[in-house]
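# Structure assessment
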Amino acid sequence: MYRNRKLTPALLAVLLLGTAALSACGNSNGNAGTSAGPSPAAASQAPSADPYASLPKEISGSIYDRGQVATGEGSYEENRWTKYINENSGVKVNWVPIPRNQEADKFNVLIASDQAPDMMTTFNRDFIVRWADEGAIQPLDEYIDKYSTSYKKYLQEHPELKPYLTLDDGKIYAIASMRPARANTAIFIRQDWLDKLGLAMPTSVDELVVVAKAFRDNDPDGNGAADTIPMAMSTAYTAITDDWYMARSAAWFVEDGKLTQSFFTERYKDALAFRQLAYHESLVDKEFATDKEFSRQKQLWTTGRSGIYFSNLNMDNTITELRKNNPEATLAAVPPLSTKYGTNGYEVEVPNHLLTAFNKNMKNPQAAMEFIDWMLDSGWEPLTYGTEGVHYQLKDSIPVTTDFDKWKTEVGYASEYRLVQQEQQTPEYLVTRAGDSKDDQDMAALKSTIIKNSETYTFRKDLPYIPPVAEYASIAGQFETKWKEINTRMAMSNQTPDEAVEELRQAWNSLDGDSVTAKVQAWYDANKDKLK
Amino acid sequence: MVNRLKSMPLYLFLALCAFITVFPILNILAMSLSSSRAIISGEVVLWPVEITVQAYKQLFIDGQLLIALKNTVIITAVGTVLQMIATTLAAYTLSKRRLKGRQIFTFMVMFSMLFGTGLIPLFLLVKQLHLINTFWAIWLPGLVSAYNLFVMKSFFEGLPAELEESATIDGATDLTVFFKLTLPLSKPILAAISLFYAVALWNTYSNALYFISKSQLLPVTVKLYQMLQTPIDSLLAGGDSSQYIQPEGLKAAAIIITVLPILCVYPFLQKHFIKGVLLGSVKG
Amino acid sequence: MPKTLHQPSGPAAIRSKGLNKPGRGLLFYLYRDRYLYLFLIPAMSYFFLFKFVTLYGELIAFKDFRLLDGVWGSPWVGLKHFHTLFGSSDFWNVLRNTLLLNLYNLVFAFPAPILLALLLNELRVNWFKRAVQNMLYLPFFISWVVLAGIIVSLLSPSTGVVNAALRLFGIDPVYFMTSTLWWPVVFIVSTIWQSAGWGTIIYMAAISSIDPGLYEAAKIDGATKLRQIWHITLPGIRGTIGVLLVLQMGKMMDVGFEHIFNLQNAAVFSVSDVISTFVYRTGLQNAQYSLATAVGLFQALIGLILVLTVNKIVKKLGEGGLW
């Protein structure tokens, strides 16, 4: 009762203050919008004079933070290689670390709060599409044309790169060079275990299952305990098992001219069935579902409790650890395995390596282009091999690593700074480079086999990249949680593949998936010729 | 004597509760001090097996962890003081029923508790206030917790009113009443709430991840999270590799290192809120 | 006797002294309480800046937000995002999980610290009491990233201690973390484990402010321990319980993100996906800011209704409530 009259002025005051601040905020926001406008315009307005000549040659760039910069080396922002770059490229680069596992969040925050670096580098082409759509990055054709010599030439020499850098409007939005090696996933097997149990290298999925069962039952490590979990996973497990059946989860396939999500092909059911079998037969770790970072899996492999590792070209750098626990371990790469659908190769990556986009608000694109040119010409070499005489010796003009441990600590992390490079990892090159370390040599031999395999077998990939269809992008994330859930549950239960696919179908329908499929089909029909 | 016996089950029960609560942490502590062989074969329960401090040695080879720890200490110490000042002052004021506008202010606080700040406006605001890459980006966006404010306010409301009354009659201003009377009486709640804040700051994660991009300024939680996510290759590579430590052991050691400091501070605050400081002085 | 023990606390007395005489202007109160208003400045500027100024961002729930266009420039789309939301079966599932987990929390985790505090208060051996308290507080100092890791390893069917204990009783190991039946239990137990001990602090502080004279008097009257708890301790902390209850209701729509995020895995998404994880995925990871904001707005509205209702009820019951 006492509050009625007296409080009105106070209330009013608060409200007034509130509106004032709101409008103030609106203004500042609007300003940000308009001030952002002129920069691309300015670039196109003044073709004659060099608008950037007077600007300091300083740019910022993102750098993946994988926690690999060791003690004494400094940090991702400042270390011997950032110094080297600043001293030799003629451009000062300020690096902004992006946690590798959280690049989506971190990039989104940086962009949303208008503090994104001038150059944003990612492996994920989806990001480039989204950033362009949000207006966070700008087309690069003009910059490449005007300010670049080396990269311009490189792009002409590698026209196959162009479709991956170009978006729907026909403009180039990212800079990238060719991948050093396009082979990606791989399965490693303990050759010493195969030999010990008198088993042959599997050539089909069925044979792999036989081998795995033998590992499980016949005590290949000879410790007298039935504790072998034959297969260890990594992020690559689902991918590899999908790929056997040419049905990579969430990929689009052209089935009789119609675009279809892998889940709704007959082949996907076989992939589901395999994973269920592996679980129920105890061929994989039964606790994989809670091993979200696959650290337990890695440990199974490095401690010699598993003999088959679903991994990637680099085997997650586990060979040294494995040898420390099992000095006698010898390894082999499992060749592509056949199924009733034929033999599909292991995943072959897109031709482009890291994609670098330019922030729409960047001050000095000319300096950025000069930096890219420098990196492509010569900068990438020390970032790959280290310093001559310290980390490598030249042998037949191939840099041979002299001290692998030293190289790993001092140079290993630097490859991340190579926004563009010209390293080509051919089998011969890898073997020569390896130097004296046995682990290093064995690893190079394994990689050579994998790369050779990737060249002899084809990998079925009907679309070169994820269709840049906004409707699909907006449901893909939600659907991913769904299919991962259904996949995991199915593997651990007695659900039949048909039931699981039915569940996937329902989830897809509830996201209005069919209309998305139609949109993707329309995009495909319109771009079919360009995709070849 | 009879009383003692009767309360035995109570003591046993609480001792059991306490044991169950700390067991997992003791388990981690034991792992951090055990050899990798023992960890993998699952032999470590409560007591370290094949004791070694290798994991700790390796962790500290990485100077980054020490820097991160230092950052976290600064963030926690300064942040707690700032938050306590803002919260205590406001809670005290809002506990005074005679204050005009009290209900509006209180409702505002409550309202703010429900509406989480939108991501975009928060990012833009932090940027416009030039807080990016400073600790202020951690302190300011969480300056006052509505929850703590309400808890404190309800404590102040519970203080005997006669106290203030008699002081006011003696001509004391609000300032005097607050600093000379209320604060000394409120040690338990002050200690409790500062711990609340300190723990939250100690474990601060998201804001640091989003607003701090300089690795020299990152707190230990972000560092720890990176360690837990990616196997600590850089650590494994560095230093002498004669004794190889499993990631699990390293993780355990990293966990212990991040928890230890706050455990050390805690007893100093704790003595304040264990005893009923309050009524003794009121009745005197 | 018990009736007189429970007095409405202080401020009523002040008002009765006539400090709030009718007919005085705003300036009078501003001057009289000048220090108090000064006290409010830091906190209120915070709330104003970070909570109210930023409210304009809620607008994007009704727009198709595009970064380039900003909050004001993006086109209005009315209730489109709400239609998307309410039309998606995912969202209802997420909403159900959020409410269910919170309900469990309210029933099992909310009373836990009260019970613990009452028990702790009965301990007379001081060193023991202190030791127990310290141990109970411990998990609260540890972030969920770490706690979740500990929980997973404790509950592991092959190496976990819990399943080892089950085996002793001849029970087959249970993979708790991936069972949709057990996961909510794990969630609640872990909530209690992490915060029940810590939650006692506030109740202990409230209990410590109860006049010891009341217990003396009750003892003389021959009241048993239970009766003392019922008639003195509980009424003494009723206000605190009320406030915490209202606050808890405010969180009904909000399950701690880090807790869930770190504890969930693909096998139990159907029971563990809640609003906060949903918002994280749509907003921060997929940059669908408008949709994420729409969820947040809906969440806030429900929370507001709940708080207002419960606060009314608490006040009806004779407690102070929040305001």
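Residues numbered from 1 in each chain as written. Chains lettered and ligands numbered in written order. Predicted model: local features only at pLDDT ≥ 70, side-chain atom pairs only at ≥ 80, totals over all residues. Heavy atoms only, no water.

## Some words on the overall build of chain C
How we decide: Runs of E in the DSSP output that reach at least two residues are strands. Runs of H or I that reach at least four are helices, and both are numbered from the N terminus. Throughout, exposure labels follow a simple rule: accessible area from a 1.4 Å probe, protein chains only, divided by the maximum for the residue type, with under 20% read as buried, over 50% as exposed, and the rest as partly exposed. A contact between two residues is defined here by any heavy atoms of the two lying within 4.5 Å. All accessible areas in this document rest on Shrake-Rupley with a 1.4 Å probe, and a residue is counted as covered only by the protein chains that are shown. Neither His nor the chain ends contribute to the count of charged residues, in which Lys and Arg are positive and Asp and Glu negative. By convention, the point assigned to a charge is CZ for Arg, NZ for Lys, CD for Glu and CG for Asp.
Summing up its helical and strand segments, chain C has 18 helices and zero strands in all. Overall size of chain C, expressed as C-alpha extent along the three principal axes, is 70 × 65 × 30 Å. The buried share among the 323 residues of chain C stands at 56%. For chain C, the proportion of contacts with a sequence separation of at least 24, taken over those separated by at least 6, is 63%. With the model as given, the accessible surface of chain C reaches about 13,900 Å², and the carbon-plus-sulfur share is 69%. Charge separation in chain C, taken as the distance between the mean sites of 25 positive and 14 negative side-chain charges, equals 10 Å.

## Brief notes about the UniProt feature "transmembrane region" (unreviewed entry) in chain B
Inclusion rule: UniProt positions are given in the numbering used here, feature names are shortened, and annotations may be inferred rather than shown by experiment.
The sites that carry the UniProt feature "transmembrane region" (unreviewed entry) are, in the present numbering, residues 65-92, 104-125, 131-150, 189-212 and 250-269 of chain B. Secondary structure across residues 65-92 of chain B comprises 100% helix and 0% strand; the distance between its end C-alpha atoms is 39 Å.

## Re the UniProt feature "domain: ABC transmembrane type-1" (unreviewed entry) in chain C
The feature "domain: ABC transmembrane type-1" (unreviewed entry), as annotated in UniProt, sits at residues 95-310 of chain C in this numbering. Here residues 95-310 of chain C runs as 75% helix and 0% strand, with 20 Å between its end C-alpha atoms.

## Side note on the packing of aromatic side chains
All names here are of chain A. So the rule is basically this: Side-chain rings of Phe, Tyr and Trp, where Trp is taken by its six-membered ring, are said to pair if the distance between their centres is within 6.5 Å; with planes under 30 degrees apart they count as stacked, over 60 as edge-to-face, and otherwise as tilted. Here, over-ring charges are defined by two tests on the NZ atom of lysine or the CZ atom of arginine: distance to the ring centre within 6 Å, and angle to the ring normal within 35 degrees.
According to the stated counting rule, one finds 69 aromatic pairs over all chains in the structure shown. Here Tyr279 and Phe288 contribute two aromatic rings whose centre-to-centre distance is 6.1 Å and whose plane-to-plane angle is 75°, an arrangement assigned as edge-to-face. Neither residue differs from the other here; Tyr279 and Phe288 are each classed as buried. Here the aromatic residues Trp252, Phe263, Phe264, Tyr268, Tyr472, Phe479, Trp483 and Trp508 are joined through ring pairs into a cluster of three or more. Residue placement shows Arg125 over the ring face of Tyr465; its charged tip is 3.7 Å from the ring centre.

## With respect to the interface of chain C and chain B
Many analyses report the size of an interface as the accessible area lost when the parts associate. Rule in force here: Buried area is calculated as the accessible area (1.4 Å probe) missing from two parts once they are joined, with the contributions of both summed. The rule for a salt bridge is simple: a side-chain nitrogen of Lys or Arg has to be within 4 Å of a carboxyl oxygen of Asp or Glu. Pairing of N or O atoms within 3.5 Å defines a polar contact, subject to two protein rules: one partner must be a possible hydrogen donor and the other a possible acceptor, and residues neighboring in sequence count only if both atoms are side-chain atoms. Note that Gly is not counted as nonpolar here; it falls among the polar residues with everything else outside the nonpolar set of Ala, Val, Leu, Ile, Met, Phe, Trp, Tyr, Cys and Pro and the charged set of Asp, Glu, Lys and Arg.
At the interface, 92 residues of chain C touch 95 residues of chain B. Buried surface at the junction of chain C and chain B, both sides included, amounts to about 8,900 Å², of which 79% is carbon and sulfur. Linking chain C to chain B there are one salt bridge. In this structure, the salt-bridge partner of Arg98(B) is Asp33(C), at a minimum N-O distance of 2.3 Å. Linking chain C to chain B there are eight residue pairs in polar contact (both at pLDDT 80 or more). In terms of residue count, the dominant contributor to the side of chain C that touches chain B is helix H4 (residues 34-52) of chain C (14 residues). Classifying every residue of the side of chain C that touches chain B gives 64 nonpolar, 15 polar and 13 charged.

## Quick notes on the confidence of the model for chain C
Low-pLDDT portions of the prediction should not be read for the details of their coordinates. Residue and element names in this part refer to chain C. Applicable threshold: Confidence of the predictor in every single residue is expressed as pLDDT, which spans 0 to 100.
Here chain C shows a mean pLDDT of 83. Residues at 70 or above account for 91%. Mean pLDDT per element in chain C: helix H1 (residues 2-5) is the minimum at 36, and helix H8 (residues 111-122) is the maximum at 92. Within the model, pLDDT remains below 50 along residues 1-18, and this stretch shows 21 contacts once partners closer than five positions in the same chain are excluded. Across the assembled chains, the prediction reports ipTM 0.81 with pTM 0.82.

## Re the domain arrangement of chain C
Residue and element names in this part refer to chain C. We count it as follows: Each domain span listed reflects an automatic or database assignment of domains.
As assigned here, chain C comprises domain 1 (2-65) and domain 2 (80-316). With centres defined by C-alpha atoms, the gap from domain 1 to domain 2 works out at 29 Å. Counting residues at the interface gives 11 residues for domain 1, matched by 13 residues for domain 2. At the boundary of domain 1 with domain 2, total buried surface from both sides reaches about 1,000 Å², with 65% on carbon and sulfur atoms. Summed over the shared surface of domain 1 and domain 2, the result is one salt bridge. Residue Asp64 is joined to Lys80 by a salt bridge in which the shortest nitrogen-to-oxygen separation is 3.0 Å. Where domain 1 packs against domain 2, one counts six residue pairs in polar contact (both at pLDDT 80 or more).

## Overview of the side chain of Asp243(A)
All names here are of chain A. Relative to the assigned elements, Asp243 resides in helix H11 (residues 236-244). Its relative accessible area of 5% is what places Asp243 among the buried residues. Engagement of the side chain of Asp243 in a polar contact is seen with the side chain of Arg248, the distance being 2.7 Å.

## A closer look at the interface of chain C and chain A
Across the boundary between the two partners, chain C contributes 44 residues, which contact 38 residues of chain A. Remark: the boundary between chain C and chain A carries one salt bridge. Elements that contribute at least two residues to the side of chain C that touches chain A include exactly H4, helix H5 (70-73), helix H7 (89-109), helix H15 (257-263), helix H16 (269-272), helix H17 (275-285) and helix H18 (289-316) of chain C. Tallied by class, the residues present in the side of chain C that touches chain A amount to 24 nonpolar, 16 polar and four charged.

## A look at the environment of Glu349(A)
Residues and elements named next belong to chain A. With respect to the secondary-structure elements, Glu349 resides in the loop between strand S11 (342-343) and strand S12 (355-358). Measuring from C-alpha to C-alpha, the distance between Glu349 and Pro464 comes to 9.4 Å, with 115 residues separating the pair along the chain. Ignoring anything within four residues of it in the chain, the contact list for Glu349 reads Arg179, Arg182 and Asn184.

## Notes on a positive patch on the surface
Counted only if it meets this: Like charges are joined within 9 Å and nonpolar side chains (Val, Leu, Ile, Met, Phe, Trp, Tyr) within 5 Å, but only among residues with over 30% relative accessible area and no salt bridge; these make up the patches.
The grouping of Arg97(B), Lys312(C), Lys315(C) and Lys316(C) at the surface amounts to a positive patch. For Lys312(C), the position within the fold is in helix H18.

## Remarks on the UniProt feature "transmembrane region" (unreviewed entry) in chain C
All names here are of chain C. UniProt marks residues 35-56, 99-120, 140-169, 181-208, 228-247 and 287-308 with the feature "transmembrane region" (unreviewed entry), using the numbering shown here. The span residues 99-120 carries 95% helix and 0% strand; its end-to-end C-alpha distance comes to 31 Å. With 91% helix and 0% strand, the stretch residues 287-308 has end C-alpha atoms that lie 33 Å from each other.

## Comments concerning the pattern of salt bridges
Going through the model one piece at a time under the given rule, you end up with 46 salt bridges over all chains. Across the pair Arg80(A) and Glu410(A) runs a salt bridge, and its minimum N-O distance is 3.5 Å. A residue pair is termed long-range when its members are at least 10 positions apart, and Arg80(A) in helix H3 (residues 80-89) and Glu410(A) in helix H16 (residues 404-410) qualify at 330 residues. We classify Glu410(A) as buried; its relative accessible area is 15%. Where Arg190(A) meets Glu328(A), a salt bridge forms, and the shortest distance between an N and an O atom there is 3.9 Å. A residue pair is termed long-range when its members are at least 10 positions apart, and Arg190(A) in strand S4 (residues 185-190) and Glu328(A) in the loop between helix H14 (319-325) and strand S9 (331-333) qualify at 138 residues. Of the residues examined, Glu328(A) reaches a relative accessible area of 48% and is grouped as partly exposed. A single network of salt bridges, built from pairs that share partners, joins Lys482(A), Glu485(A), Arg489(A), Glu503(A) and Asp90(C).

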